[in-house]
Amino acid sequence: MKLLEERIRKDGTVKAGNVLKVDSFLNHQMDIDLFNEMGKEWAHLFADCPITKILTVEASGIGIACVVAQHFHVPVVFAKKTQSLNIDGEVYSTKIQSFTHKKVYDVIVSKKFITPEDHILIIDDFLANGCALEGLLEIVGEAGATVEGIGIAVEKGFQKGGDLIRSKGIRLESLAIVESMDAETGEIVFR
Ligand code: 5GP
């Protein structure tokens, strides 16, 4: 998506450790007009899919998912980071290793909000090694629901997550795929 690539080129900064900082428009301050255009694009790409729910993970996926959901007219469910244990069996739970914080989080989704009848579109801001998506896929699997596809704003194509997800045969639509980026020169190359 040209609009997103241009914005990343204009306002994104490359940090050490393969981190692309886009906090002025994507995951801290948020450009809602841009999110709307992203929503239009995914609605077009997934037009043939009977999506009933959008699933994301807190925190940075929530803003994008909410704006995008206006183009699908379905609810948004977000996996919550939590410290409480699943003692009463009312939640689906999994662990997600955070790329940016190098920590492992327990995340949960209430069994009330994803059922076997659901057709899920997963939305997130970044795809790096694929840990966040694997966690979300596990939750959808536990629920017995169907994954229709995954929409990612920025895929870092030089990390392993994209190949991992595509090798499972899951439809992955990344709106910008970074082929390479250089923390010293600041250069960003898109696929
Ligand atoms: P993964 O689980 O695929 O390794 O990483 C995805 C998650 O890590 C995303 O939800 C995002 O929050 C965070 N993340 C990964 N790479 C980057 C990056 O380059 N920049 C930012 N801002 N977040 C990232």
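Residues numbered from 1 in each chain as written. Predicted model: local features only at pLDDT ≥ 70, side-chain atom pairs only at ≥ 80, totals over all residues. Heavy atoms only, no water.

Q: I'm lost on the packing of helix H1 (residues 2-11) against helix H2 (residues 32-45) in this one. Help?
A: For any two helices packed against each other, one specifies the inter-axial angle together with the distance between the axes. Between H1 and H2, whose axes approach to 10 Å, the crossing angle comes to 145°. Packed against H1, whose contacting residues are Leu3, Leu4 and Arg7, the element H2 presents Leu34, Glu37 and Met38 at the interface. (Axes fitted to C-alpha atoms, helices over the stretch in contact; angles between N-to-C directions. Helix = DSSP H or I, 4+ residues; strand = E, 2+ residues; numbered from the N terminus. Contact = heavy atoms within 4.5 Å.)

Q: Can you help me understand the environment of lysine 2 in this one?
A: Mapped onto the elements, lysine 2 comes out in helix H1. A C-alpha to C-alpha distance of 8.5 Å links lysine 2 and leucine 175, two positions 173 residues apart in sequence.

Q: I keep staring at the pattern of salt bridges and nothing clicks. Help me out?
A: One side chain can pair with another of opposite charge once the charged atoms of both are near each other. Summed over the entire model, instances satisfying the criterion amount to 13 salt bridges. Notably, a salt bridge pairs aspartate 31 with arginine 7, separated by 2.6 Å at the nearest N-O pair. Here aspartate 31, found in the loop between strand S2 (19-21) and H2, pairs with arginine 7, found in helix H1; they are 24 residues apart in sequence, far enough to count as distant. We note a salt bridge from glutamate 179 to arginine 191, for which the minimum N-O separation is 2.9 Å. In this pair, glutamate 179 is assigned in strand S9 (residues 172-181) and arginine 191 in the segment after strand S10 (188-190), connecting sequence segments 12 residues apart. Take glutamate 179: its relative accessible area is 34%, and that puts it in the partly exposed class. What you see here is one network of salt bridges that share partners, running through Arg7, Lys10, Asp11 and Asp31. (Salt bridge = Lys/Arg side-chain N within 4 Å of Asp/Glu carboxyl O. Buried < 20%, exposed > 50% of the residue type's maximum accessible area, 1.4 Å probe, protein only.)

Q: Can you walk me through the site of the ligand in this structure?
A: Close to the ligand lie 17 residues, the nearest being Leu20, Ala128, Gly130, Ala132 and Lys156. The contact in question runs from a nitrogen atom of the ligand to an N or O atom on the side chain of asparagine 27, over 3.3 Å. Residue alanine 128 places a main-chain N or O atom 2.8 Å away from an oxygen atom belonging to the ligand. Notes on the ligand: free accessible area 510 Å², of which the protein chains cover 90%. Assessed atom by atom at 2 Å from the grid points, the ligand resides in the largest pocket. Of all the elements in the fold, those that place two or more residues in the shell around the ligand are S2, strand S7 (119-127) and helix H4 (131-143). Considering every element that reaches the shell around the ligand, the biggest residue donor is S7, with 4 residues. Looking at the shell around the ligand, its residues break down into 8 nonpolar, 6 polar and 3 charged. (Near = heavy atom within 4 Å. Polar contact = N/O pair within 3.5 Å; in protein donor to acceptor, adjacent residues only side chain to side chain. Areas by Shrake-Rupley, 256 points an atom, 1.4 Å probe, with all protein chains shown as cover. 1 Å grid on protein atoms, 1.4 Å probe; cavity = no way out; pocket = protein on both sides within 12 Å on 5 of 7 lines; lining within 4 Å. Sits in = over half its atoms within 2 Å of the grid points. Nonpolar A, V, L, I, M, F, W, Y, C, P; charged D, E, K, R; others polar.)

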